[in-house]
Amino acid sequence: MRNLNSFFAIFLFLSLGFTKLYGQDSQWIPENHRIQYQNFQWNYISSSNFEVYYFDKNEALAKSTLTYLESDNGRITEILSYTPYQKVKIFVYPNHETWLQSNSGISLANSADVAEENLAKFRIEVAFKDNLVAFKQEITKQIVRVYLHDLLFGGSVRDVLQNSLLLNVSDWFVLGMSAYLASGDSPEMRRFTYQIISENKIRRLQVATGAEAELLGQSIWSYIANTYGKQAIGNILNLTRIIRSEQSSLSSTIRKPFSKFLKDWYEYLNDAKNLEIATSKVFPSSFYLPPSNQINSFQASPDGLFEAFVTDEFGRYKVYLHNVATDKLQLLQQTGLKDLNRTSDGKGPLISWSGNNRLSVLFNEQGFTWMKNYQVNKGGNYTSEPKLKIANLSYLDMKVSSNGMKALVRVLEKGQVDLGIYDLKRNKLNLLTKDAYNETEAHWMPDNRVIYITDRYIDSLPSPPAPISSLFVWNPDEPENPTRLFSTSGKVYNFKLQSDSVAYFLHNQANGPRLIRFQMADTSFRQSRVRTVAWQNFELTAKGVYALERNIVTDNIQRYTETSLEEYLGSEWIPKINSANPTTIIEQEVASFETDAAKKARKARLDRQLSIRLKREPGKMVGPLAYQNSFVFNSSEGQFKSDPIRGIGYAYELKANDLLENHLFKAGAFLTANLLNSDIWGEYAYLANKLDWKFRYDRKVLGQDTENDSQKIRFNRFALTASYPFSLLSRLSVTGLYSTNRLFNQVSLVTPEEYSGFAGALISYEVDNTVQAGDNLRTGYRINATLEAQKDMVMSGEFVRIGFDARYYKKLSNTFYFATRFSSSHQLGSRTQASMLGGMDNWFFNRRDVRAQETPLGLDGLARRDVFMSNFIAPLRGFALNKLSGNSHLLFNAEIRIPVKSIMPSESSSLLNSVQLVGFTDVGTAWTGSSPFEKSNGFNTNVYGGKTNPFIATVTDFRNPFLVGYGIGARAVIFGYFVKFDYAFGIENKEVKSPLTYLTLGYDF
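Note that the coordinates shown come from a computational prediction; the quantities given were computed from them, not determined experimentally.

A. The pattern of salt bridges, seen in detail. A complete count under the given rule lists 43 salt bridges for this structure. In this structure, Glu-895 and Arg-877 form a salt bridge, with 2.9 Å as the shortest nitrogen-oxygen distance. In this pair, Glu-895 is assigned in strand S48 (residues 888-899) and Arg-877 in the loop between strand S46 (871-873) and strand S47 (884-886), connecting sequence segments 18 residues apart. Per residue, the accessibility class of Glu-895 equals that of Arg-877, and both read buried. Notably, a salt bridge pairs Asp-922 with Arg-877, separated by 2.8 Å at the nearest N-O pair.

This is the structure we're talking about:
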């Protein structure tokens, strides 16, 4: 009855909690780190709706970003039918490499938590990647996600709690809306819809994630806007917040069942198949599947013998060389830092072929920019030259000249994208363009002229609606007067010269890119009938046409004969400028820092239009202001905890940090129901430099009463840690420790106090290469090795403890995940501290094994003085806590984890979506003295008698030293807590024990 009452009491407390509980022991919670190569001086500028933070010489980029944000904010809030009341903070980085040095989100466990925290805090981080248009589209995406999160989940504290529990929106809903408002009915989306329709690969909306979910959602919102009007979008979003169902809100707004809506949308998508009528499918002569689904850069050698491409694995870039003839793949170079907690991707190394099959790689490493050259012979063997340090700029593109002496580059400089020629011999950059227009591509011509694509039109005429592409030729003889060849609406890219007078390029049209043949002598164009809808990039080589194609969301390389392209030339194509269309999302390029009179007049005209649209005076910009190192409370978290020594209690943690998270403060407390046992701890970390420092203080109190005695144990520990990162996945930490243990009798003043003071050091090496796939689901591996040495400064004695923990996680299919763990430790010395094996971490209503031998928990209900320096080793299910103890231990765990939502036919509630089924087995042992693999060891050999007993006997029973547990379990998120229930059998010396049940909180290992 007492246990039943306790269960209901715990259930009542759980029903009041809304934050997830993370385990503390076998559950690994790594402390993330970053690597800082540079010191940044941050400033910010502010407006009525936004604050843009920047560092060093990026003020121009910050101002143009803020101008764009204010100009576009009215359109976004009008479509969403929602205006937030809090300013959004945008951190702007000139490139991906500098963004990786930021400590933002470092105190959180994974990328999902970082994204959620940024949304809740109205915070955005954006790194410049390719060009101004893409940069602005990415900013718009992030702004819309912040607004949607506030619309759906924000409000009062009560609304936040209710919505977080009851509202569960799919990825397509939010990601698709952000992509639609950023890009509209884009050619990239049309290409995707064409492919999924033609190949009949439409994924269920509920299970679509990532890029697929974003493109599907973008198509759905575009269909809604075109069919039912843009005002329906705001109605759907606001109704979703009220009734907490995306499907019901959509059906109620358009007055049509959701299944009928999907059917109509599918018929709407079928229009994409009209592309098959106007184009012809050309089959490739050969193809190649790269080792990665996504390729950042692709370049084929001019002779067609080799292909070079760059892959990206969470920021770790690899440059590959592929021999077309032999199909041999070689890894040329690796660079970058693999960061599993970042969601944004970078551009990575830039590659370019030059004369005589010379491959140049431009990359960033440890805060500097380098170029490395590889000479490849016809057999595929290569030699590399020493890397060359070049000017540290934000390079966006690179084309090396045929003689290898110069490089044509696009750079981000003073907030704008410009072209330049970099003299590799003199290590000097000469800019070709110095204007606010967006240059997206540039190429060498055979006579050393430069042909480039920009959004510049004619200054004397009104600016046409974006996007617009113009082709210009820069001549070194007339550097100030580039010649415009043509201008057209839409995106023109991937310009390739076939000869001195013939070129090909891709032009984005309604259903994706189309191949255009450009006769430069008479400025005539022919549109090819080749179906190039999947083409991302193509190269003209002596062996034919090599195209990087994206099939749905997977990249591959296809090769075509050049004659096959010539055979499919179609009708004449004429460049044209579209007139303004109010139903189309238009991105106006707002030029900042204009100099001449014509540009100033154009800017004033845009400012007047902006003033009318926003109904306020333009230019209300405050700053730049120096960043103030003010501290904010990051989060507070309360959680129930079952301590193996002191029982059930409540733990509370408070976090504070500065905006850049270079300074982190944490403090917490734990208190049991009897008010006799408590913890208090505090921690400060300084993370601004490459070497991280952390100071921590812990105080633990144990009050223990029996019928004959009353004692109290007080434990204090001071720790100073220095951590050196080798990469974003591994680091070495050295900790200096001083611990005191004090035991005194609260009844008898005569009983002497027991006191010890340990001074020592702990060295730890940690590798964490795991990726979170969901709650309690991971892929990858983790390794942690520790060496601890402590010496009692008050009494004689010392100990050395060596520990090792390795874990491996494997995704077997969408339904099954396999997790394994191996843990071991060994101690030496005269004052060793026991490792107690058995049970589970955070086990409510736990059971302790009654032992005949002395353990840190004691024999008569009174724990030993140094009990807080001992370790509890778990999980070993099927047995009670402290089933075995000793100076050493071995433990192996294996689990099959099955997320139920992966086998459900349709979307269900958030509770059912979180349910997991688990099958497990645990094998472990603990001992003192000889290894359990010896015939006579500390496990099966016991000494009886001695002391006052004149008889002494040593008994060896030759039992199996290993305990085995197996069983099944279930996990689910209930009231914000990750709750686990396990039913386990234990096997001891070939005997199956009665089953035990475990109710625990926190993730598995």
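B. Structural view of the nonpolar core. Ranked by internal contacts, the top residues of the largest apolar core, which has 67 residues, are Ile-143, Met-177 and Trp-221. At 11 residues, the largest contribution of residues to this core is made by helix H5 (residues 132-153). Not counting chain neighbours up to four residues away, the residues in contact with Met-177 comprise Leu-80, Val-144, Leu-148, Trp-172, Trp-221, Ile-233 and Leu-237. Ile-35, Tyr-44, Leu-100 and Leu-728 belong to the second-largest nonpolar core, a separate cluster that totals 16 residues.

C. Highlighting the packing of H5 against helix H10 (residues 231-243). Interhelical geometry of H5 versus H10 gives an angle of 40° and a closest axis separation of 8 Å. Between H5 and H10, the angle is such that the two are oblique. Of H10, the residues touching H5 (which contributes Leu-148, Asp-150, Leu-151, Leu-152 and Phe-153) are Leu-237, Asn-238, Thr-240 and Arg-241. By residue class, the composition of the contact of H5 with H10 is 5 nonpolar, 2 polar and 2 charged.

D. How the structure looks around the pairing of strand S27 (residues 535-541). Across the 7 residues of S27, 5 count as buried, placing the element largely inside the fold. Alignment of S27 against strand S28 (residues 544-551), held across 6 bridges, turns out to be antiparallel. Each residue of the ladder has a partner; that of Asn-537, found in S28, is Leu-548. Between S27 and S28, which pair antiparallel in sequence order, lie 2 residues.

E. Spotlight on the sheet that holds strand S15 (residues 394-400). One open sheet accounts for 4 strands, arranged S15-S16-S17-S18; its pairing is antiparallel. Looking at which strands have only one partner, the edges of the open sheet turn out to be S15 and strand S18 (428-431). Pairs of neighbouring strands in the sheet enclose a mean axial angle of 30°, with direction left out of account. Examined bridge by bridge, S15 and strand S16 (residues 406-413) share 6 bridges and lie antiparallel to one another.

F. Local environment of the packing of aromatic side chains. Under the defined criterion, the tally for this structure stands at 45 aromatic pairs. Here Trp-42 and Phe-91 contribute two aromatic rings whose centre-to-centre distance is 5.7 Å and whose plane-to-plane angle is 70°, an arrangement assigned as edge-to-face. Of the two residues, Trp-42 sits in strand S1 (residues 42-46) while Phe-91 sits in strand S3 (residues 88-93), which places them 49 residues apart along the sequence. Pair check on accessibility: Trp-42 and Phe-91 agree, each one buried. Among the aromatic residues, those joined into a cluster by ring pairs are Phe-40, Trp-42, Tyr-44, Tyr-53, Phe-55, Phe-91, Tyr-93 and Tyr-627. The residue whose ring lies beneath Lys-491 is Tyr-493, and the NZ or CZ to ring-centre distance is 4.8 Å.

G. Highlighting the pairing of strand S7 (residues 306-313). Counting buried residues along S7, 6 of its 8 residues qualify, which places the element largely inside the surrounding structure. The pairing of strand S6 (residues 295-300) with S7 spans 5 bridges and is antiparallel. Looking at the pairing, Phe-298 lines up with Phe-309 of S7. Taking the residues between adjacent antiparallel strands as the criterion, S6 and S7 are bridged by 5 residues, where Gly-304 takes a positive phi near 75°. The pairing of S7 with strand S8 (residues 316-323) spans 8 bridges and is antiparallel. Within S8, the residue paired with Val-310 across the bridge is Val-319.

H. Main features of the side chain of Glu-439. Its place among the elements puts Glu-439 in the loop between S18 and strand S19 (441-444). It turns out Glu-439 is buried and unbridged, and the closest side chain with the opposite charge, Arg-456, is 7.0 Å from it. Reaching out from Glu-439, the side chain makes a polar contact with the side chain of Thr-454 at a distance of 3.3 Å. If we skip the residues at most four places from it in the chain, Glu-439 touches Arg-410, Val-417, Asp-418, Leu-419, Thr-433, Tyr-452, Ile-453 and Thr-454.

I. Region of the structure containing a positive patch on the surface. A surface patch of positive charge is lined by Lys-406, Lys-425, Arg-426 and Lys-428. Within the secondary structure, Arg-426 is located in the loop between strand S17 (416-423) and S18. Take Arg-426: its relative accessible area is 69%, and that puts it in the exposed class.

Thresholds applied
Residues numbered from 1 in each chain as written. Predicted model: local features only at pLDDT ≥ 70, side-chain atom pairs only at ≥ 80, totals over all residues. Heavy atoms only, no water. Salt bridge = Lys/Arg side-chain N within 4 Å of Asp/Glu carboxyl O. Helix = DSSP H or I, 4+ residues; strand = E, 2+ residues; numbered from the N terminus. Buried < 20%, exposed > 50% of the residue type's maximum accessible area, 1.4 Å probe, protein only. Core = buried A, V, L, I, M, F, W, Y, C linked by side-chain atoms within 4.5 Å. Contact = heavy atoms within 4.5 Å. Axes fitted to C-alpha atoms, helices over the stretch in contact; angles between N-to-C directions. Parallel < 35°, antiparallel > 145°, perpendicular 65-115°, else oblique. Nonpolar A, V, L, I, M, F, W, Y, C, P; charged D, E, K, R; others polar. Pairing = 2+ DSSP bridges. Phe/Tyr/Trp six-rings, centres within 6.5 Å; stacked < 30°, edge-to-face > 60°. Lys NZ or Arg CZ within 6 Å of the ring centre and 35° of its normal. Lys, Arg positive; Asp, Glu negative; His and termini not counted. Polar contact = N/O pair within 3.5 Å; in protein donor to acceptor, adjacent residues only side chain to side chain. Patch = residues over 30% accessible without salt bridge, like charges linked within 9 Å, V, L, I, M, F, W, Y side chains within 5 Å. Areas by Shrake-Rupley, 256 points an atom, 1.4 Å probe, with all protein chains shown as cover. Charge placed at Lys NZ, Arg CZ, Asp CG, Glu CD.

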